[in-house]
Amino acid sequence: MDTKFVGMALIAVAVLSLTAAQILIKSRLGLLGAIPLSPRELLAYGLQLAADWAIWIGIGGLLVASLLWYAAISRLPLSVAYPFAALSYPLIFLGSLVLLRETFSWQALGGNVMIVLGVLLVASSTQG
């Protein structure tokens, strides 16, 4: 199988895994509140996190995303692969709007459109 195709497929799954994990973790943190900064409160908060099965699934998703990313960059030049990792930004933007009901802004949309255009520009320069 074509090494470049496999590498790009691995990046795609890594980005999707990272996106899902970030949205899941953020949704749970939203229920538990902001992470405290005092050591005593942080310990109690950390115990709540440790008892939350969804946090563990999110951590697993981050681990899977990392392993897939490393498998991808072992097959592709980093200068080609890295811009595609930026696709997690627009996916997380969309997911946060739809799943977390976060506030829409035109500036954020514009920035995310520029990210996608940048990735398309890199993709078109690496054809062949």
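Everything discussed here concerns the structure shown above.
Source: prediction; values computed, not measured. (Residues numbered from 1 in each chain as written. Predicted model: local features only at pLDDT ≥ 70, side-chain atom pairs only at ≥ 80, totals over all residues. Heavy atoms only, no water.)

Enquirer: Looking at this model, I keep getting lost on helix 6 (residues 106–125). Mind explaining?
Expert: Note on helix geometry: an α-helix contains 3.6 residues per turn, so any two residues three or four positions apart are oriented the same way. Here helix 6 contains 20 residues, and its C-alpha end-to-end distance of 29 Å stays within 8% of the 28 Å for a straight helix at 1.5 Å per residue. Buried within helix 6 we find Asn112, Val119 and Ala123. Projected down its long axis, helix 6 carries its buried residues within an arc of 40°, all on one side. Along helix 6, exposed side chains directed more than 90 degrees from the buried face belong to Trp106, Gln107, Met114, Leu117, Leu121 and Ser125. Those residues of helix 6 hidden inside the fold are in contact with helix 4 (78–85) and helix 5 (88–98). (Helix = DSSP H or I, 4+ residues; strand = E, 2+ residues; numbered from the N terminus. Expected span 1.5 Å × (residues − 1). Buried < 20%, exposed > 50% of the residue type's maximum accessible area, 1.4 Å probe, protein only. Arc of directions from axis to C-beta. Contact = heavy atoms within 4.5 Å.)

Enquirer: So what exactly am I meant to see when it comes to the environment of Ala71 here?
Expert: Relative to the assigned elements, Ala71 resides in helix 3 (residues 53–73). Judged by its relative accessible area of 24%, Ala71 is partly exposed. Considering only alpha carbons, one finds Ala71 and Ala14, 57 residues apart in sequence, at a separation of 9.7 Å.

Enquirer: Help me out: how do you make sense of the environment of Phe84 in this one?
Expert: Inspection of the secondary structure puts Phe84 in helix 4. Residue Phe84 is classed as buried on the basis of its relative accessible area of 11%. Separated by 30 residues in sequence, Phe84 and Ala54 have C-alpha atoms that sit 27 Å apart. Once residues within four sequence positions are removed from consideration, Phe84 is found in contact with Met8, Ile11, Val15, Val119 and Ala123.

Enquirer: Looking at this model, I keep getting lost on unusual backbone geometry. Mind explaining?
Expert: Negative phi is the rule for most residues except glycine; trans is the rule for most peptide bonds. At Arg101, a position not held by glycine, the phi torsion is positive, near 55°. Locating Arg101 in the fold gives a position in the loop between helix 5 and helix 6. On the basis of relative accessible area, Arg101 is assigned to the exposed category, the value being 66%.

Enquirer: Help me understand the nonpolar core, please; the structure alone is not making it clear to me.
Expert: Proteins that are soluble and globular tend to have nonpolar side chains buried together. Ile11, Ala81 and Phe84 are the most contacted members of the largest nonpolar core, which totals 13 residues. Counting residues per element, the ones that place at least two in this core are helix 1 (3–32), helix 3, helix 4 and helix 6. The leading source of residues in this core is helix 1, at 4 residues. Excluding anything up to four places from it in sequence, Ala81 contacts Ile11, Trp69, Ile73 and Leu76. (Core = buried A, V, L, I, M, F, W, Y, C linked by side-chain atoms within 4.5 Å.)

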